[in-house]
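Report on the structure
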Amino acid sequence: MEYCVKLSIFEGPMDLLLHLIEKQELDIYNIPIATITEQYLAYLKEAKELDIEFASEFLVMAATLLSIKAKMLFPKPQKEVSENYEEDPRKELMEHLLLYKKIKEATLILKDLEKNQRAKVCRPLDKDKFAAKLFTNIDIPGLTVDGLLAAVEQLIKENKKEFIQFVVKNKYYINEQIDVILSKTRQYNRFLFRELFGEKMNLLEVLVTFLALLELVKMQKIKVIQESPFSQITIVKI
Amino acid sequence: MVLFYKDEIKGILEALLFVADEPLTCQKISQVMGIEEHTIQQFIEDLQKDYDQPHRGLLVEEVAGGYRMVTKPQHIAYIEKLYKPQINPLSQAALETLAIIAYRQPITKAEIEIIRGVSVDSVMTTLAQRELIVEVGRKEGPGRPIMYGTTKRFMEHLGLKSIQDLPFIDGLKEK
Amino acid sequence: MVLFYKDEIKGILEALLFVADEPLTCQKISQVMGIEEHTIQQFIEDLQKDYDQPHRGLLVEEVAGGYRMVTKPQHIAYIEKLYKPQINPLSQAALETLAIIAYRQPITKAEIEIIRGVSVDSVMTTLAQRELIVEVGRKEGPGRPIMYGTTKRFMEHLGLKSIQDLPFIDGLKEK
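Computed from a prediction, not measured in an experiment: that's the story for all the values here. (Residues numbered from 1 in each chain as written. Chains lettered and ligands numbered in written order. Predicted model: local features only at pLDDT ≥ 70, side-chain atom pairs only at ≥ 80, totals over all residues. Heavy atoms only, no water.)

Our focus in this paragraph is the overall build of chain A. A count of helical and extended segments in chain A gives 9 helices and 3 strands. Along chain A, from the amino end to the carboxyl end, the secondary structure elements read α-α-α-α-α-α-α-α-β-α-β-β. The buried share of chain A, reckoned over its 238 residues, is 42%. In the structure as shown, chain A presents an accessible area of about 14,100 Å², 53% of it carried by carbon and sulfur atoms. (Helix = DSSP H or I, 4+ residues; strand = E, 2+ residues; numbered from the N terminus. Buried < 20%, exposed > 50% of the residue type's maximum accessible area, 1.4 Å probe, protein only. Areas by Shrake-Rupley, 256 points an atom, 1.4 Å probe, with all protein chains shown as cover.)

Okay, structure coming up:
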């Protein structure tokens, strides 16, 4: 026997064992356990494998084989054997090998299916990109100024220092917006956040006004009501 | 109920299959077009016959409970010259593990490792990342280990109409 | 020179146009198939005639010096119906990231991650796929990281004019 191949060409100890059995056309139902154990061990010895973790899995099988071999050499005393049924120490290994053989068969089937399928090519399609092109004028749910504000609110709540810095830097502008809101509260007891803006509002204006709003809430000059995330913000004079 | 010309239905079907990013079920097409499912079914069969003609380069295949448009296998050499399909074939270890899961599902990782005789951690991660397997529940008993099964993507990957479409292997399915 | 049946050429052409993600020039097809360009040209015209028939849902259009397969414009309503329910709302994480980019652009991914305190890889991919953010350049300094900004599409969504219309950009740029 020549051992010029590496352990890593096998998928594991079962694969190696099955390979040894099939190469010599041995009968799985009646495995010559002494021979196969010897060959298996010889294979392990010759195969120069460096991956200890991988090799250890092969050693577990070696131990199993040796234990079966020992049981075969020293049969149980006559009286312990039940009358109508004698357990073959190879039974479990035999069943395991039969199952593994079927798995190999199944693997080949899957491989064939995969190969056939790989010859058929789907259109490379990025769903989101395609949808984006299709619906240039349709809103993405959740992407509204209010939605964005809710996100900003969340960021502020989480005490993100970058945004606090931003607040400090824009203090003057925020104070201006505070005045705008206060003057509106003099006219109305209750109004929508959105009403603070004209039809064309810009994003920064919205943000700064929002921060002004938070400032006023802190000063307890107003109360803010939002029924649910992303819904309209109502401002109530205190 | 919408009224269509026969030709129009075929045209719309072709357009829908062209833009879909996953197999379309008759139910889905029925919702979109407002036509009964069995009529859709007939027209898809009609479309498949059209596509069978040698001057057509595409086909409509039934997969994972739906239909999708793909190129005919005989043209793969030219397609590969133009464009490398990004789907990589599975490794031997991955295929073997997948075979065990496909035929013995639902199955735990420990049970797979017993059959293969090796650890399957990294292989399972790969299969899960490619959405070919998924957790399907927990096994009764100590530790209640996670059980795995195959996905719709698995059927798409192998071109199976349904999981029952897997070729029968005697004695493999039951435990 | 390769020998083909006429039908085969049409089939391969159809398959190639189907998988191409950008318009194909006759030159490119000629390279792939090993057939002369003027022959390709003839077959494409032939293919276009086939597609003109009312039972076909696709067409081959000449665009940017090449050819591409698209759906016929009259079927757009059905395609929209197929796709519309699939548009997912933006997640909270996506909105937060978008808010940071909107107010601090141009900004690098690392800077966003400092603000949010979590990895934003997948969120950034989603935002880019939805064409809400885009690479706008590279930051000077080690590694020259990519900087991101919002798109025109983002502005359109919010009913805003353009990025340039935002005041206080200078104040935002400094840290």
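Residue and element names in this part refer to chain C. Relative to the helices and strands, Phe 154 resides in helix H8 (residues 152-158). A relative accessible area of 0% means that Phe 154 is categorised as buried. Spatially, the C-alpha atoms of Phe 154 and Arg 130 are 9.3 Å apart, while their sequence positions differ by 24 residues.

Taken as a whole, this structure holds 2 aromatic pairs over all chains when the rule is applied. Residue placement shows Lys 184 of chain A over the ring face of Phe 191 of chain A; its charged tip is 5.8 Å from the ring centre. One residue, Arg 56 of chain B, lies across the ring of Tyr 51 of chain B, its end atom 4.3 Å from the ring centre. (Phe/Tyr/Trp six-rings, centres within 6.5 Å; stacked < 30°, edge-to-face > 60°. Lys NZ or Arg CZ within 6 Å of the ring centre and 35° of its normal.)

The partner chain A presents 30 residues to the 48 residues of chain B that form the contact. Roughly 3,400 Å² is buried in total at the junction of chain B and chain A, and carbon and sulfur atoms are behind 64% of that figure. The interface formed by chain B and chain A holds 3 salt bridges in total. Here Glu 11 of chain A ties to Arg 116 of chain B by a salt bridge, and the two come within 2.8 Å at their closest N and O atoms. The tally of links between chain B and chain A comes to 14 residue pairs in polar contact (both at pLDDT 80 or more). At the level of secondary structure, the elements contributing two or more residues to the side of chain B that touches chain A comprise helix H1 (6-19), strand E1 (58-63), strand E2 (66-71), helix H4 (76-82), helix H5 (92-104), helix H6 (109-116) and helix H8 (152-158) of chain B. When residues of the side of chain B that touches chain A are assigned to their parent elements, the largest contribution, 9 residues, is made by H5 of chain B. Taken together, the residues that form the side of chain B that touches chain A break down as 30 nonpolar, 9 polar and 9 charged. (Contact = heavy atoms within 4.5 Å. Buried area = accessible area lost by both parts, 1.4 Å probe. Salt bridge = Lys/Arg side-chain N within 4 Å of Asp/Glu carboxyl O. Polar contact = N/O pair within 3.5 Å; in protein donor to acceptor, adjacent residues only side chain to side chain. Nonpolar A, V, L, I, M, F, W, Y, C, P; charged D, E, K, R; others polar.)

Moving on, we get to the pairing of strand E2 (residues 66-71) of chain C. All names here are of chain C. As judged from the 6 bridges shared by strand E1 (residues 58-63) and E2, these two strands associate in the antiparallel manner. Across the sheet, residue Val 63 finds its bridge partner in E2, namely Gly 66. The turn joining E1 and E2, which pair antiparallel and follow one another in sequence, is formed by 2 residues; a positive phi near 50° is taken by Ala 64. (Pairing = 2+ DSSP bridges.)

Now for the nonpolar core. Residues Leu 16 and Met 33 of chain B together with Leu 16 and Met 33 of chain C are the most contacted members of the largest nonpolar core, which totals 61 residues. Once residues lying within four places of it in the same chain are set aside, the contact partners of Leu 16 of chain C are Tyr 78, Ile 79 and Leu 82 of chain B together with Leu 24, Ile 29, Val 32 and Met 33 of chain C. In terms of nonpolar packing, the next biggest core, distinct from the first, is built from 59 residues, Ala 62, Leu 65 and Ile 109 of chain A together with Ile 115 of chain B among them. (Core = buried A, V, L, I, M, F, W, Y, C linked by side-chain atoms within 4.5 Å.)

Right, let's get into helix H7 (residues 121-129) of chain B. Residues and elements named next belong to chain B. For H7, the complete set of buried residues consists of Val 123, Met 124 and Leu 127. One side of H7 holds all its buried residues, which, seen down the axis, span an arc of 100°. Exposed side of H7, more than 90 degrees from the buried face: Ser 122 and Gln 129 are the residues found there. Summarising the contacts, the buried residues of H7 are in contact with H5, H6, strand E4 (133-138) and strand E5 (146-150). Looking at the residues trailing H7, positive phi occurs at Glu 131, about 60°. (Arc of directions from axis to C-beta.)

For the rest of this paragraph, the subject is the sheet that holds E4 of chain B. Residues and elements named next belong to chain B. Within the open sheet, the 3 strands sit side by side as E3-E5-E4. Their pairing is antiparallel. The sheet terminates laterally at strand E3 (107-108) and E4, the two strands that pair on one side only. Looking at chain direction, E3 and E5 are connected through 2 bridges and run antiparallel. In the sheet register, Ile 107 faces E5, and the bridge partner there is Tyr 148.

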